[in-house]
Amino acid sequence: MEKQHRNGNRIVLFAALLIAVALVSSGVTAFLCTHTGAGGALQPLAQMKETIQRAFFYYDESANSDEKLVDAALRGMLSSIDDDYAQYYTAEQYAEHLKSNSGEYRGIGIVIAAPDETGSRIQRVYAGSPMAAAGAQQGDLVLSINGEPVAELSLDDMLALFHTDETADVLLLSRNGETFEVSVVKDIINVPYVEYALLEDGVGYIRLIGFAGHVVQETKDALANLTEQGAEKLVLDLRDNPGGSLDDVLDVADLFLERGQLIVSIRSRIEETETYYAKTDAVWNGPVVVLINENSASASELLSGAMQDHARATVVGTQSFGKGIVQTYFQLPANKGWVKLTTDAYYTPNDICIHGVGITPDVVVELPEEYRGAALESLMREQDTQLAAALDILKGN
């Protein structure tokens with residue numbers, strides 16, 4: 001679960017610790033030597049920079065500039081602190097990160113799995129995207145990208161095969177044993193974070209894919225449309241939801257909890273405990289079953305934990321991931337870079353930190369063994385035993 005820096009004091013505090021390393025002007029060496037003194041703890045950074053630029057046989061002024069060497073030092077510093085979620089962004093990388101979380105990005109419009117020995121399976125094709133226009137479908141197998149086979153590549157290596165400019169990407173696909181090529185040019189993609197449908201017997205179904213983009217408004221629209229269609233009960237599907245923004249999950253929780261009910265408490269080393277309560281009356285007052293699985297993490301666990309603790313929903317599925325910590329973004333004023341650090345732990349309304357434990361469902365239901373790990377979109381209704389259990393509960397069976 002992620003949040004922006006909450007006040008200037010946190011930025012100043014962190015920047016004061018790193019400002020010597022974060023300076024990227026040509027005077028970085030002089031600064032380090034002057035402010036740390038002989039034998040100072042940070043002086044080796046300046047010496048390392050000087051040694052690389054003086055003696056490295058393959059030295060490249062653009063590839064090994066002060067800025068890039070300092071960026072590498074910052075990343076190295078974060079790699080030493082035993083925080084799996086710590087990350088450093090240049091100003092440009094952070095701008096791209098914000099864009100990707102906004103629900104809008106430039107791309108070809110698919111979600112693909114890490115390659116296996118045959119290729120990479122397309123898990124989702126966004127409506128209106130270049131890949132949808134080219135005829136690609138969920139379940140198609142990507143065999144090659146721009147002439148390079150993808151089988152057994154890492155996900156990062158496969159993604160590196162796509163062009164970074166506006167050149168068309170050519171993908172060789174396989175469907176039902178037949179192969180065909182598609183050529184696509186990147187375009188603006190609007191990523192939906194909510195899917196919904198009216199099921200049988202007045203049961204509405206909403207799947208929250210993540211807490212980013214326009215998820216709050218999309219959830220409100222889904223609830224309104226399902227109500228108009230006659231929905232009186234609801235399945236809220238948080239399976240495979242990796243989490244996202246703290247603000248977004250709080251606003252979604254507000255749609256289901258009553259004004260004044262505690263949603264979550266967040267504890268930090270450097271600030272007082274913060275408590276967040278529902279600010280408005282619930283939009284949805286009917287019965288709810290929440291679906292979770294081992295990939296439901298962070299913000300999705302916060303929501304399911306709040307619903308469970310207030311007896312607002314029956315939680316069905318398997319033990320969730322167990323990420324009960326919060327990451328905060330801090331800007332380094334010296335170079336406008338950004339640092340993401342784990343800064344807080346969150347506690348459900350019953351004062352339980354689920355980090356490393358997860359949410360235990362009220363009703364434990366596994367998918368059939370042959371379908372575990374499969375993309376939810378690929379499951380037929382009769383294969384989805386967790387959804388079937390949710391429907392049985394809402395029908396009173």
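Residues numbered from 1 in each chain as written. Predicted model: local features only at pLDDT ≥ 70, side-chain atom pairs only at ≥ 80, totals over all residues. Heavy atoms only, no water.

**Re the overall build of the protein chain**
Across its full length, the protein chain carries 11 helices and 20 strands. By its C-alpha atoms, the protein chain is 75 × 60 × 35 Å across when sized along the principal axes. Sorting the 397 residues of the protein chain into buried and exposed places 46% on the buried side. (Helix = DSSP H or I, 4+ residues; strand = E, 2+ residues; numbered from the N terminus. Buried < 20%, exposed > 50% of the residue type's maximum accessible area, 1.4 Å probe, protein only.)

**Focus: the nonpolar core**
Core analysis: the biggest nonpolar cluster contains 46 residues, and L208, F256 and L303 have the highest contact counts within it. For this core, the secondary-structure elements that each account for two or more residues are β12 (203-208), α8 (215-228), β13 (233-237), α9 (246-254), β14 (262-268), β16 (288-292) and α10 (299-309). Non-local contacts of L208, meaning those with residues more than four positions away in its chain, are made with Y193, V194, V215, T219, L236, D237, L238, N241, V252 and L303. (Core = buried A, V, L, I, M, F, W, Y, C linked by side-chain atoms within 4.5 Å. Contact = heavy atoms within 4.5 Å.)

**Concerning the pattern of salt bridges**
A full pass over the atoms with the stated rule returns 13 salt bridges. One salt bridge in this structure joins K49 and D66, with 3.3 Å as the shortest N-O distance. Of this pair, K49 sits in helix α3 (residues 43-55) while D66 sits in helix α4 (residues 66-79), placing them 17 residues apart in sequence. Side by side, K49 and D66 carry an identical accessibility label, which is buried. (Salt bridge = Lys/Arg side-chain N within 4 Å of Asp/Glu carboxyl O.)

**Focus on the packing of α3 against α4**
Each packed pair of helices is defined by two parameters, the angle between the axes and the distance between the axes. Orientation of α3 relative to α4, taken along the N-to-C sense of each, is 130°, at an axis distance of 11 Å. As far as their axial angle goes, α4 and α3 are oblique. Helix-helix and strand crossings are classified by hand; for α3 and α4 the assignment is right-handed. Of the residues in α4, those touching α3 at L45, K49, I52 and Q53 are D66, L69 and A73. Here the residues of the contact of α3 with α4 are counted per class, giving 4 nonpolar, 1 polar and 2 charged. (Axes fitted to C-alpha atoms, helices over the stretch in contact; angles between N-to-C directions. Parallel < 35°, antiparallel > 145°, perpendicular 65-115°, else oblique. Left-handed = near helix turned anticlockwise from the far one by under 90°. Nonpolar A, V, L, I, M, F, W, Y, C, P; charged D, E, K, R; others polar.)

**Comments concerning the sheet that holds strand β17 (residues 314-317)**
The mixed open sheet is built from 6 strands, whose spatial order is β11-β12-β13-β16-β17-β20. The open sheet has two free edges, formed respectively by β11 (194-198) and β20 (363-364), since each of these has just one partner strand. Two elements, β11 and β12, share 5 bridges in a ladder whose sense is antiparallel. Of the residues in β12, the one forming a bridge with A197 is Y205. Those strands touched by α8 are β11, β12 and β13, and its axis lies near 5° from that of β11. (Pairing = 2+ DSSP bridges.)

**Thoughts on the confidence of the model for the protein chain**
When the pLDDT values of the protein chain are averaged, the result is 88; 91% of them are 70 or greater. Segment residues 6-38: pLDDT under 50, and 63 contacts once partners within four positions in sequence are set aside and those in other chains are kept. (pLDDT = per-residue confidence, 0-100.)

**Looking at the pairing of strand β15 (residues 274-277)**
Inspection of the sheet shows β14 paired to β15 by 4 bridges, in the antiparallel sense. Among the inter-strand pairings, I266 is bridged to a residue of β15, identified as E274. Between β14 and β15, which pair antiparallel in sequence order, lie 5 residues.

**As for the environment of T90**
The residue T90 is located in the loop between β2 (87-89) and α5 (91-101) in this model. When neighbours within four sequence positions are excluded, T90 is seen to be in contact with D71, R75 and G337.

**Quick word on the packing of aromatic side chains**
Applying the stated criterion to the full structure yields 6 aromatic pairs. Aromatic pair F56 and Y58: ring centres 6.2 Å apart, planes at 70°, arrangement edge-to-face. Here Y58 falls in the exposed class, since its relative accessible area comes to 62%. Measuring from centroid to centroid gives 5.0 Å for F57 and Y58, while their planes differ by 90°, and the two rings are edge-to-face. Judged by relative accessible area, F57 falls into the exposed class, the value being 71%. An aromatic cluster is present here, built from Y89, Y94, Y329 and W338 joined pairwise through their rings. In this structure, R267 is placed above the aromatic ring of Y347, and the distance from its NZ or CZ to the ring centre is 3.7 Å. For K323, the ring lying beneath its charged end belongs to Y85, and the centroid distance is 4.5 Å. (Phe/Tyr/Trp six-rings, centres within 6.5 Å; stacked < 30°, edge-to-face > 60°. Lys NZ or Arg CZ within 6 Å of the ring centre and 35° of its normal.)

**Some remarks on the packing of α9 against α10**
Two elements in contact, α9 and α10, have axes separated by 10 Å at closest approach and are oriented at 25°. Looking at the two axes, α9 sits roughly parallel to α10. Between α9 and α10 lies a crossing whose hand is right-handed. Here α9 contributes L246, V249, V252 and A253 to the contact with α10, which in turn contributes A299, L302 and L303.

**Looking at a nonpolar patch on the surface**
A contiguous nonpolar patch, built from F56, F57 and Y58 and spanning about 430 Å² of accessible area, is present on the exposed surface. Along the chain, Y58 falls in the loop between α3 and α4. (Patch = residues over 30% accessible without salt bridge, like charges linked within 9 Å, V, L, I, M, F, W, Y side chains within 5 Å. Areas by Shrake-Rupley, 256 points an atom, 1.4 Å probe, with all protein chains shown as cover.)

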